[in-house]
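Letter by letter, the chains look like this.
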Amino acid sequence: MQRIGQVVATLCISADTLRYYEKIGLIPEVSRTSGGVRLYSEQDLSRLRFIRRAQKIGFCLEEIASLLTFREDPQNAKAQVRQLAHQKLTEVEDHIAELSTLRDELRLLTGLCRASSEGCPILESFDEGNNTRF
Amino acid sequence: MTSNALVEIEVLTGSGCGHCQSALGLVREVIEELGDDRVHYREVNVVAEIDYAVSLGLLRTPALALNGELVFPVPPNKAELRQTLTEMLGIH
């Protein structure tokens, strides 16, 4: 079990945000010490890590709430939630494909830069009019 | 025995790449020696055609692609290139 201060430090989520997630039901009510201090279980932390990952990819809290429902009980999730999960899966896969291409491109450019005796191809690629990726 | 196969050699080059001109020279030389008009080559500037270079899996220059496939990620010597081309052209 972790106290709120530890969770803030570990997950880089502010105490206010943690309390807000609990208030809107994104995470279930967290247990408390006799003095009223919040204690987060490993399951709470797992949910919080999931929320953070999903937010980084750009999902809104409403979508994340649905995905968390799906995560809790994938077998009995409603059709709507299943559909959202499927749609988000496609988005994540597209995102990975884009990142993978970007990684390969940067790998090539850094390789060229290292080997180049004059100038740096990375800078040249910035100047390429038809290259809109950067 | 020969086939009707065509071979397009792409010499992948980058600016400031010391060995790229040598690779181009090697390709021209081998094509001239083969004297086979079924072999063509073009120079691909990797920065200008970066999407294509990435799709080939290129990591550095110079390199040679044959018919759209990165066959030589590092330049071959003359004998290796010649042998690969004759095999692709079906020259025995």
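Residues numbered from 1 in each chain as written. Chains lettered and ligands numbered in written order. Predicted model: local features only at pLDDT ≥ 70, side-chain atom pairs only at ≥ 80, totals over all residues. Heavy atoms only, no water.

Chemist: Outline the state of the cysteines, listing residues and values.
Modeler: Residues and elements named next belong to chain B. For the structure shown, the criterion picks out 1 disulfide over all chains. Residue Cys17 pairs covalently with Cys20 via a disulfide, S to S 2.0 Å. Here the S-S torsion is close to 95 degrees, and the disulfide linking Cys17 with Cys20 is therefore right-handed. Cys17 sits in the buried class, given a relative accessible area of 15%. The class of Cys20 is buried, set by a relative accessible area of 2%. (Disulfide = S-S within 2.5 Å. Buried < 20%, exposed > 50% of the residue type's maximum accessible area, 1.4 Å probe, protein only.)

Chemist: Can you lay out the sheet that holds strand 3 (residues 38–40) of chain A for me, pointing to particular residues and giving the numbers?
Modeler: Residues and elements named next belong to chain A. Strand order across the open sheet formed by 3 strands is 1-3-2, with antiparallel pairing between neighbours. Of all the strands in the sheet, the pair left with one neighbour each is strand 1 (2–3) and strand 2 (31–32). Examined bridge by bridge, strand 2 and strand 3 share 2 bridges and lie antiparallel to one another. By the bridge assignment, Arg32 is partnered in strand 3 with Arg38. (Pairing = 2+ DSSP bridges. Helix = DSSP H or I, 4+ residues; strand = E, 2+ residues; numbered from the N terminus.)

Chemist: Tell me about the pairing of strand 2 (residues 39–45) of chain B, and please be specific about residues and values.
Modeler: Residues and elements named next belong to chain B. In terms of strand pairing, strand 1 (residues 7–13) meets strand 2 through 7 bridges, oriented parallel. When the sheet's bridge partners are listed, Glu10 is paired in strand 2 with Arg42. In the classification by handedness, the crossover that spans strand 1, the intervening helix 1 (residues 20–34) and the parallel strand 2 is right-handed. (Right-handed = clockwise from strand over helix to strand, strands pointing away.)

Chemist: Mind laying out the sheet that holds strand 2 of chain B, listing which residues take part and the relevant values?
Modeler: All names here are of chain B. Here we have 4 strands laid out as an open sheet, ordered 2-1-3-4, and mixed in their pairing. Bordering the open sheet on either side are strand 2 and strand 4 (69–72), each of which pairs with just one other strand. Adjacent strand axes in the sheet meet at a mean angle of 35 degrees when their direction is disregarded. Across the sheet, helix 1 is in contact with strand 1, strand 2 and strand 3 (63–66); its angle to strand 1 comes to roughly 165 degrees. (Axes fitted to C-alpha atoms, helices over the stretch in contact; angles between N-to-C directions. Contact = heavy atoms within 4.5 Å.)

Chemist: Give me the pattern of salt bridges: which residues, what numbers.
Modeler: Residue and element names in this part refer to chain B. Scanning the entire structure with this criterion turns up 15 salt bridges over all chains. Between Lys78 and Glu29 there is a salt bridge, and its shortest N-O distance comes to 2.7 Å. Here Glu29 lies in helix 1 and Lys78 lies in helix 3 (residues 78–89), a separation of 49 residues in the sequence. On the basis of relative accessibility, which here comes to 32%, the residue Lys78 falls in the partly exposed class. Since its relative accessible area comes to 39%, Glu29 is described here as partly exposed. Here the residues in one salt-bridge network are Glu8, Glu10, Arg42 and Glu49, joined through shared partners. (Salt bridge = Lys/Arg side-chain N within 4 Å of Asp/Glu carboxyl O.)

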